[in-house]
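Residues per chain are reported as follows:
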Amino acid sequence: MSHTHSNKKSRYSHLSTSERGEISAYLKMGKKPAEIARLLGRHRSTITREIKRGTVTQVQDKNGKRTHYQTYFADSGQRVYEENRKKSVYLKLNQCSPTFFEQLEKAVKAKVRRHSVDTFVHEYKENHPTETIPSTKTLYRYIAAGLVSIKPIDLPKMVSIRKRSKSKSTVNKKTLGKSIEERPETINNRSEFGHWEIDLVLGKKTKGEAVVMTLVERQSRFALACKLPNKQAETINEAVKELLSEHPIASITSDNGSEFSLLSDLEDVDIYFAHPYSSHERGTNENFNGLLREFLPKGKSLNPLTDEELAQYIAAINERPRRLHYYKTAKFLFELSQTA
């Protein structure tokens, strides 16, 4: 069986009038969309969408009987394409609301930032429906291109995201307690409230340095945090005991660090340990800690940090609308789950 392959270089551009004519001719020859895509050097989905766009219903009178059938016309596809392009005008900076950019800059550069770019765009659209503002994606392009006063450095996540390395296939050699593999599916799929992930945020890695312990509830993404004088296992356990008496904590998932080696001794809570070098197994907590790093940069001593400042930072994140939760805050969902 022979195949005809195109020697055209694949390109990211709209179909031309001549290409639509070729599609029409190939369809009349009985060729399938996948084959037409190979001949034109296009993606199969591009051809399929174009055929759908340019297909019209025709009426045929045969032996006095009227029948309906569908067929593709290049000029119909071109006409629909041109009409769609008129509606899809690329948003220019000078068409956008200047007030939007002023308030966005204030929100992003606030000392304790509550909004991300996306949540600010969403909230501003809801409060100012008549104003013209760019989408989140367009706004990030403007920022990356240096077209607005906000710089990538103003958005820590924008400059800190790196490519993930390939996950290592490892065996959990430590036996600190129950493996994450024993964790019930209701915890894995986040269908049950009250299951948390724990980790530490370090400042300077020197003796006598304070640390911040964070716990994040998997379903609502609500976080708790407290400053501790050190990262000894006994200190961690005492802090967790206090939180257990104040909050609904049914289980905790931890990494294999020695600071968490005594967690299994705690009563009335299930403790699960992730595999070594598998931070993705505690992704909820890792993501939160990444957000907290905006306020507690790496390498900076946490000793001067006050409980009031830490509470302010945690509240800013808990009260930040999340796209994941349809722009509801973690605090709102946490409180809602406790009253359910």
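Notes on the structure follow. Keep in mind the model is a prediction, meaning the values are calculated, not measured.

**Overview of the sheet that holds strand 6 (residues 223–228)**
Phase 1: Strand order in the open sheet made by the 6 strands is 3-8-7-4-5-6, with mixed pairing throughout. Whereas interior strands pair on both sides, the edge strands pair on one side only; in this sheet they are strand 3 (178–179) and strand 6.

**Side note on helix 11 (residues 283–292)**
Phase 1: Here helix 11 has its buried residues at Thr284, Asn285, Phe288, Asn289, Leu291 and Leu292. Seen from one end, helix 11 has its buried residues packed into an arc of 155°, which puts them on one side.

**Some words on the nonpolar core**
Phase 1: Ile198, Met213, Leu215, Ile236, Val240, Ile252 and Leu263 are the most contacted members of the largest nonpolar core, which has 23 residues in total.
Phase 2: If you list the elements that add at least two residues to this core, you get strand 4 (195–202), strand 5 (211–217), strand 6, helix 10 (233–244), strand 8 (270–273) and helix 13 (330–339).

**Comments concerning the packing of aromatic side chains**
Phase 1: If you walk through the whole model with that rule in mind, you get 8 aromatic pairs.
Phase 2: Between Phe100 and Tyr124, the aromatic rings sit 5.1 Å apart at their centres with planes inclined by 75°, giving edge-to-face as the arrangement. Within this pair, whereas Phe100 is found in helix 5 (residues 98–108), its partner Tyr124 is found in helix 6 (residues 117–127), the two being separated by 24 residues in sequence. Residue Phe100 shares its accessibility class with Tyr124, and that shared class is buried.
Phase 3: Aromatic side chains Phe295 and Tyr313 sit 4.8 Å apart centroid to centroid with 5° between the ring planes, which places their arrangement in the stacked category. Here the residue Phe295 occupies a position in the loop between helix 11 and helix 12 (307–318), and Tyr313 occupies one in helix 12, the gap between them amounting to 18 residues. Considered together, Phe295 and Tyr313 belong to a single accessibility category, that of buried residues.
Phase 4: Sitting above the plane of the Tyr81 ring, Arg20 keeps its charged end 4.7 Å from the centroid.

**Regarding the pattern of salt bridges**
Phase 1: On inspection of all chains with the given rule, the structure shows 16 salt bridges.
Phase 2: Two residues, Arg282 and Glu286, come together in a salt bridge whose shortest N-O distance is 2.9 Å.
Phase 3: Taking the relative accessible area as the measure of exposure, Glu286 reaches 31% and is therefore partly exposed.
Phase 4: For Lys331, the salt bridge identified is with Glu319, shortest N-O distance 3.6 Å. Of the two residues, Lys331 sits in helix 13 while Glu319 sits in the loop between helix 12 and strand 9 (321–322), which places them 12 residues apart along the sequence.
Phase 5: Overlapping salt bridges, with partners in common, bring together Asp199, Asp255, Arg282 and Glu286 in one network.

**Regarding helix 7 (residues 136–144)**
Phase 1: For helix 7, every residue scored as buried is listed here: Thr136, Thr138, Leu139, Tyr142 and Ile143. Down the axis of helix 7, the smallest arc covering the buried residues is 160°, so these residues share one side. Facing away from the buried side of helix 7 by more than 90 degrees, the exposed set consists of Lys137 and Ala144.
Phase 2: Where helix 7 terminates, the next one or two residues include Gly146, which has phi positive at roughly 75°.

**A closer look at unusual backbone geometry**
Phase 1: With a phi close to 55°, Tyr326 is a non-glycine residue in the positive phi region.
Phase 2: Turning to its location among the elements, Tyr326 is positioned in the loop between strand 9 and strand 10 (328–329).
Phase 3: On the basis of relative accessibility, which here comes to 71%, the residue Tyr326 falls in the exposed class.

Parameters and conventions
Residues numbered from 1 in each chain as written. Predicted model: local features only at pLDDT ≥ 70, side-chain atom pairs only at ≥ 80, totals over all residues. Heavy atoms only, no water. Pairing = 2+ DSSP bridges. Helix = DSSP H or I, 4+ residues; strand = E, 2+ residues; numbered from the N terminus. Buried < 20%, exposed > 50% of the residue type's maximum accessible area, 1.4 Å probe, protein only. Arc of directions from axis to C-beta. Core = buried A, V, L, I, M, F, W, Y, C linked by side-chain atoms within 4.5 Å. Phe/Tyr/Trp six-rings, centres within 6.5 Å; stacked < 30°, edge-to-face > 60°. Lys NZ or Arg CZ within 6 Å of the ring centre and 35° of its normal. Salt bridge = Lys/Arg side-chain N within 4 Å of Asp/Glu carboxyl O.

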